[in-house]
Amino acid sequence: MSQIQANSAWVRNIAVSPNRYHRADEPGLVPTWWRANRRFALYMLRELASVFLAVWSLRLLRQLNLLRQGEEAYDTFVAKQRRLPWLLFHISAFSFALLHSVTFLIAAGKGPTLHFMGRKVSERTITAGAFAGWAIASLAVLLALLFGGRGEDT
Amino acid sequence: MASGESITLTATRYSPEADVEPWLQSYVIPYREDMVVLDALNYIKSYVDGTLSFRWSCRMGICGSCGMTVNGTPTLTCASFLRDFFPGEIVVEPLANFPLVRDLVIDMSDFMHKLGMVKPWIIRDRDKPVTEGEYRQTPAQLEEYQQYSQCINCMLCYAACPVYAMEPEFLGPAAIALGRRYNLDSRDEGALDRLKVLATSDGIWDCTFVGECSVVCPKNVDPAKAIQQTKVDTTIDWYKQHLLPWMRR
Ligand code: SF4
Ligand code: FES
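It should be emphasised that the depicted structure is a prediction, and the values quoted were computed from it without experimental measurement.

Enquirer: Sorry, what's going on with the domain arrangement of chain A here?
Expert: Often, the extent of an interface is quoted as the loss of accessible area on bringing the components together. Residue and element names in this part refer to chain A. Domain boundaries assigned for chain A yield domain 1 (1-36) and domain 2 (38-146). The C-alpha centroid of domain 2 is placed 35 Å from the C-alpha centroid of domain 1. Listed as interface residues are 4 residues of domain 1 and, on the opposing side, 4 residues of domain 2. Summing the contributions of domain 1 and of domain 2, the shared interface buries around 410 Å²; its carbon and sulfur component is 86%. Interface area lost by domain 1 to domain 2 is led by Trp 33, Trp 34 and Ala 36, which between them contribute 88%. At the surface where domain 1 touches domain 2, the tally comes to 0 salt bridges.

Enquirer: Is there a simple way to explain the sheet that holds strand 3 (residues 67-70) of chain B in this structure?
Expert: What holds strands together in a sheet is hydrogen bonding between their backbones, with the strands either parallel or antiparallel. Residues and elements named next belong to chain B. Across the sheet, 5 strands lie side by side as 2-1-5-3-4; this open sheet has mixed pairing. One side of each edge strand has no neighbouring strand; the edge strands of this open sheet are strand 2 (23-30) and strand 4 (73-76). When strand polarity is set aside, the average angle formed by the axes of neighbouring strands in this sheet is 35°. The sheet contact formed by strand 1 (residues 6-13) and strand 2 spans 8 bridges and is antiparallel.

Enquirer: Before we go on, may I ask you to explain the packing of aromatic side chains in this structure?
Expert: Aromatic ring pairs are described here by two measures, namely the spacing of the ring centres and the angle between the planes. All chains considered together, the criterion is met by 13 aromatic pairs over all chains. When the centroid spacing of 6.1 Å and the interplanar angle of 15° are considered together, the rings of Phe 52 of chain A and Phe 89 of chain A count as stacked. One end of the pair, Phe 52 of chain A, is in helix 2 (residues 38-66); the other, Phe 89 of chain A, is in helix 4 (residues 84-108), and 37 residues separate them in sequence. Residue classification places Phe 89 of chain A among the buried residues on the basis of a relative accessible area of 15%. Ring plane angle 50° and centroid distance 5.7 Å describe the contact between Phe 98 of chain B and Tyr 164 of chain B, whose orientation is recorded as tilted.

Definitions and cut-offs
Residues numbered from 1 in each chain as written. Chains lettered and ligands numbered in written order. Predicted model: local features only at pLDDT ≥ 70, side-chain atom pairs only at ≥ 80, totals over all residues. Heavy atoms only, no water. Domains from an automatic or database assignment. Contact = heavy atoms within 4.5 Å. Buried area = accessible area lost by both parts, 1.4 Å probe. Salt bridge = Lys/Arg side-chain N within 4 Å of Asp/Glu carboxyl O. Pairing = 2+ DSSP bridges. Helix = DSSP H or I, 4+ residues; strand = E, 2+ residues; numbered from the N terminus. Axes fitted to C-alpha atoms, helices over the stretch in contact; angles between N-to-C directions. Phe/Tyr/Trp six-rings, centres within 6.5 Å; stacked < 30°, edge-to-face > 60°. Buried < 20%, exposed > 50% of the residue type's maximum accessible area, 1.4 Å probe, protein only.

Written as structure tokens, this is what we have:
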């Protein structure tokens, strides 16, 4: 068992200054901890992105399912997506997806240990490679959407 | 150098025999721009209040014992200049996430225990006889682990980590970085042993990659990187083991 749990002394709260403490055998994170600095806040936004992306994915599953129920049901659903609340949701989900992707790719350099010609590949190079891959993949998807569909949809 | 100027330093005070809970005490002391926070604490200890307790030793960022929270940030007090705060006030508190022993002194037993768990030393299946000479390494082999070997066990990364604050069972940034340091050492043969501690739900998989450990680390150890690399390596190993067993190392 950890010393912190075993000990009943005072423990200083993370990110709260000055001088806030909790007992060592009580949970150690105050609800406002993430407001202590910009990095903590950004981390929480990155985590919050998962909620928006989960709702967006469920919405997509519903949309795919409606394909089975015929054109009318599908078109009604798509029309609803153009209303203001849904538009606001889509903009938010897109912003969060962007935030998550950028922060993930910045962090990507820390993950793999790559070697090239006997030398370690630097974190910066891996990150740059990840961004380049993202740009190429996005471009490919964009081109597929622009030129691969029937054109008269939406 | 400014002379005749003063600065206010506020420090946490706590005596387990006399106090119900920690409290703050302010001291007004002479300011010099070449003083670090540790110098200010030593000035107070020598000339103002001999009862103030804090840890320090080398005064040069080597021993890792002077870590405290300075104006909310885990910091080595011997490497933090008063001029970066002057004329503002400085609040010095103990490192977060560790039980308080007295004033600015924390109980580091949890960290020492976890450090021991990752066996931060060279493990060999069989030691070479001395007559066969030393274990030699190329510069490239040294480069593999050198960054992680810079850790001075200052525990600033633990004080900055919200996961450790929530889940004290978490092995923590420095212990994982040091485990990886030895796992990457070409002379070592203890990686499988260490992975039993590192690649667990209280080890690398407890980390949600906040990244603050690497921000506060005074030695650029980048423990967050050590954790993510170990996650990637162990994941690849898992796939090799279960899907491509013939590729297993
Ligand atoms: S990893 Fe950095 S912050 Fe953590 S104990 Fe080692 S030197 Fe200190
Ligand atoms: S006194 Fe040794 S690191 Fe600061």
